[in-house]
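# Secondary and tertiary structure notes
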Amino acid sequence: MASGDQSKKRKQRYLPQNRPAKKKGAYPLKPGVQGFFISCDGGREYQASQEAINVIDSFFEELVHGTGLKMNSSGVLENPVNKKVTFSYSEDEDEEEDDEGNNGEEEEENKEVKDKEEVSEGGDSKVDEKELVSEGSCEVKKTEKEEEKEEEKQENVVEEPPKKKTCVEEAKVNVNAEKSIDKLIDAELKELGDKSKRRFMKLDPGCNGIVFIQMKRRDGDPSPKDIVQHAMTSAAATKKHMSRFILRILPIEVACYPSEEEISRAIKPLVEQYFPVETDNPRKFAVLYGARANTGLDRMKIINTVAKSIPAPHKVDLSNPEMSIVVEIVKTVCLIGVVEKYKELAKYNLRQLTSTK
């Protein structure tokens, strides 16, 4: 025991000003954030977080710029992925060649018809072949002389070479271009270095096998639900492998403390957005509950508080729900989100959606 106490005292002496060292890393998960709840392979949280930021950012850019794949209401691609590529210039050239060939044949036929008509009309007046040959040779000689004169004129005219830029002007242009590029790179690096300007940032949930990516929404940005929905539909359609460590991605739009009062108060904006009272199409929903590093809560109480907050026209249907309300409790934080087609899209498991088996 004495040796253990002495080792602790020695460690405390080397700490700065006898204070415990601060932990370096991501900020902890806390209430009041939006983002993405991601499950991954155990021990691969760092790699999964880097992958998740890249994947989410790519689908965010597709939604903003409209470069993604278009889906029908049934979830089928409007334009097939594997389609025959035809180059416009090849078709145009073939058509032009065919047109030119047809025009040439038509012109020759017209000439032959005209010659026959002229011969039939003027049968009495015959033209000597010698005269025609002599006239043609004179015309050829004239054209050759005119071409020679034009060539002599062009040789006499000396073309002025284009003015060359001085070395000083070229150096100035290059310096200005380098300065502008350097400024743009510096501005991008500052934005990346400034955590307040990042759109997606990793938060530490404090559990193994879990990653949380916070999204700082700006005006006009799509919601986490829209981004995840677009990612899952495109993954199911293309079967394109996107990640190595990510398992499931769920959108989180509300984060609060895991108490009945806090949950019923925090879920109100989600209910107004996805489950309005006055609607012609009432929706069937189900509540999906999960808890990690928290065993003090009653599962059914949390599910009932969420289900009771949904107004009357909408009904609970556990077998075939149109909308699913995700409730994930991690330590002392309750994360809530809404997803569509949860069972049809392999429970939002990205690895299972992109597998070919």
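This one's a predicted model, so the numbers in the text were calculated from it and none came from an experiment.

### Thoughts on the overall build of the chain
From N to C terminus, the chain includes 10 helices and 10 strands. Counting all 357 residues of the chain, 28% fall into the buried class. Accessible surface, the chain: about 26,300 Å² in total, of which carbon and sulfur atoms supply 49%.

### Considerations on the packing of aromatic side chains
Aromatic ring pairs: the centre-centre distance and the angle between the two ring planes describe each pair. Scanning all chains against the criterion turns up four aromatic pairs. A centroid spacing of 6.2 Å and a plane angle of 50° characterise the contact between Phe 36 and Phe 200, whose relative ring orientation is tilted. Here Phe 200 lies in strand E3 (residues 200-204) and Phe 36 lies in strand E2 (residues 35-40), a separation of 164 residues in the sequence. Each of the two residues, Phe 36 as well as Phe 200, counts as buried. When the ring of Phe 60 is compared with that of Phe 200, the centres are 5.8 Å apart and the planes differ by 85°; the resulting orientation is edge-to-face. You can see Phe 60 sitting in helix H2 (residues 45-65) and its partner Phe 200 sitting in strand E3, a full 140 residues away along the chain. The same class applies to Phe 60 as to Phe 200, namely buried.

### Here we look at the pattern of salt bridges
Scanning the entire structure with this criterion turns up six salt bridges. A salt bridge links Arg 351 to Asp 41, with the nearest nitrogen and oxygen atoms 3.1 Å apart. Here Arg 351, found in helix H10 (residues 350-354), pairs with Asp 41, found in the loop between E2 and H2; they are 310 residues apart in sequence, far enough to count as distant.

### A word on the sheet that holds strand E7 (residues 284-292)
Spatial ordering of the open sheet is given by E6-E10-E9-E7-E8, a layout of five strands whose pairing is mixed. Pairing within the sheet leaves two strands with one partner each, and these edge strands are strand E6 (254-256) and strand E8 (315-316). Sheet analysis places strand E9 (residues 323-330) next to strand E10 (residues 333-340), joined by eight bridges and oriented antiparallel. Bridge pairing links Ile 329 to Cys 334 in E10.

### Focus on empty space enclosed by the protein
Considering all chains together, one arrives at one cavity of 30 Å³ or more under this definition. In this structure, the largest cavity spans a volume of roughly 60 Å³. As for the largest cavity, its lining consists of Phe 36, Val 55, Ile 56, Phe 59, Ile 227, Val 228, Ala 231, Met 232 and Ile 249. Elements that contribute at least two residues to the lining of the largest cavity include exactly H2 and helix H6 (224-238). Split into classes, the residues belonging to the lining of the largest cavity amount to nine nonpolar, no polar and no charged.

### Some details on the confidence of the model for the chain
Looking at the chain as a whole, its pLDDT mean stands at 76, while 58% of the residues score no less than 70. Note on residues 73-77: pLDDT is under 50 here. Beyond four places in sequence and across chains, it has eight contacts. Across residues 119-142 the pLDDT falls below 50, and counting only partners more than four positions away or on other chains, this stretch makes one contact in the model.

### What about the side chain of Glu 45?
Among the structural elements, Glu 45 can be located in helix H2. Within the buried set, Glu 45 has no salt-bridge partner at all; the shortest N-O distance to an opposite charge, 7.5 Å, is to Lys 202. Separated by 2.6 Å, the side chain of Glu 45 and the backbone nitrogen of Gly 209 make a polar contact. Ignoring sequence-local partners within four residues, the contact set of Glu 45 consists of Cys 40, Asn 208, Gly 209, Ile 210 and Val 211.

### Notes on the sheet that holds strand E1 (residues 27-28)
An order of E1-E3-E4-E2-E5 is seen for the five strands of this open sheet, with the pairing classed as mixed. At either end of the open sheet lies a strand with only one pairing partner, and these are E1 and strand E5 (246-252). Pairing between E2 and E5: six bridges, direction antiparallel. Looking at E5, one finds that Cys 40 is bridged to Ile 246. Its contacts with the sheet place H2 against E2, E3, strand E4 (210-215) and E5, and it is angled at close to 35° to E4.

### Considering the environment of Val 287
With respect to the secondary-structure elements, Val 287 resides in strand E7. Accessibility expressed as a relative area gives 15% for Val 287, which makes it buried.

### As for the pairing of E3
Note that E1 and E3 share two bridges and pair parallel. The residue bridging Tyr 27 from the neighbouring strand is Leu 203, located in E3. The pairing of E3 with E4 spans four bridges and is classified as antiparallel. What sits directly across from Phe 200, in E4, is Met 215.

About the criteria used
Residues numbered from 1 in each chain as written. Predicted model: local features only at pLDDT ≥ 70, side-chain atom pairs only at ≥ 80, totals over all residues. Heavy atoms only, no water. Helix = DSSP H or I, 4+ residues; strand = E, 2+ residues; numbered from the N terminus. Buried < 20%, exposed > 50% of the residue type's maximum accessible area, 1.4 Å probe, protein only. Areas by Shrake-Rupley, 256 points an atom, 1.4 Å probe, with all protein chains shown as cover. Phe/Tyr/Trp six-rings, centres within 6.5 Å; stacked < 30°, edge-to-face > 60°. Salt bridge = Lys/Arg side-chain N within 4 Å of Asp/Glu carboxyl O. Pairing = 2+ DSSP bridges. 1 Å grid on protein atoms, 1.4 Å probe; cavity = no way out; pocket = protein on both sides within 12 Å on 5 of 7 lines; lining within 4 Å. Points joined across faces, edges and corners; volume = space filled by probe spheres on them. Nonpolar A, V, L, I, M, F, W, Y, C, P; charged D, E, K, R; others polar. pLDDT = per-residue confidence, 0-100. Contact = heavy atoms within 4.5 Å. Lys, Arg positive; Asp, Glu negative; His and termini not counted. Polar contact = N/O pair within 3.5 Å; in protein donor to acceptor, adjacent residues only side chain to side chain. Axes fitted to C-alpha atoms, helices over the stretch in contact; angles between N-to-C directions.

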